[in-house]
Amino acid sequence: MHQGEFRERVLRAYRHQCALCRLRHEVLLDAAHIIPDSEPDGAPEVNNGLALCRLHHAAFDRFFVGIRKDYVIQVRPDVLREHDGPTLRHSIQGLHNRRIILPRKRVERPAIDLLAERYERFRDAPIPV
Ligand SMILES: [Zn+2]
């Protein structure tokens, strides 16, 4: 599957909204990989994808947030304790313990094993100093 097709299918599965914050501006949405496409398990399949806005794509890739296999968002503990302005408070810390938006079709939902693998990396990621 081509990247363009992957993007189309992922965005459609998530009804063109960010899985974390529901932002619906398509130009600000990406089809993110749960397991990177540079890896053998990183297939360009919808169940290895998430529709994420630019902010949440970067936050997910850089391990600011993780998604448990029960689809609940976890914010990295040090980020959760941080004090900063409204963007951090609402757009990052406010996600903690909330569930992501899921595709209606079961087969398009994030694969549990891929999410679990990714979450393990999130949990083990070193905290930047
Ligand atoms: Zn978002």
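Worth saying up front: this structure is predicted, and the values here are computed from it rather than measured.

What counts, and where the lines are drawn
Residues numbered from 1 in each chain as written. Predicted model: local features only at pLDDT ≥ 70, side-chain atom pairs only at ≥ 80, totals over all residues. Heavy atoms only, no water. Buried < 20%, exposed > 50% of the residue type's maximum accessible area, 1.4 Å probe, protein only. Helix = DSSP H or I, 4+ residues; strand = E, 2+ residues; numbered from the N terminus. Arc of directions from axis to C-beta. Contact = heavy atoms within 4.5 Å.

## Topic: helix α2 (residues 54-61)
Turning to α2, its buried residues number three or more, namely His56, His57, Ala59 and Phe60. Buried residues of α2 fall within an arc of 165° about the axis and therefore sit on the same side. Looking at the buried residues of α2, the elements they touch are β1 (29-33), β2 (49-53), β3 (65-67), α4 (86-92) and α5 (112-124). One or two steps after α2, the chain reaches Phe63, where phi turns positive at roughly 65°.

## What to know about the side chain of His56
Counting through the fold element by element, His56 comes out in helix α2. On the basis of relative accessible area, His56 is assigned to the buried category, the value being 2%. Leave out the neighbours within four places in its chain, and His56 touches Cys18, Leu20, Cys21, Ser91, Ile92 and Leu95.

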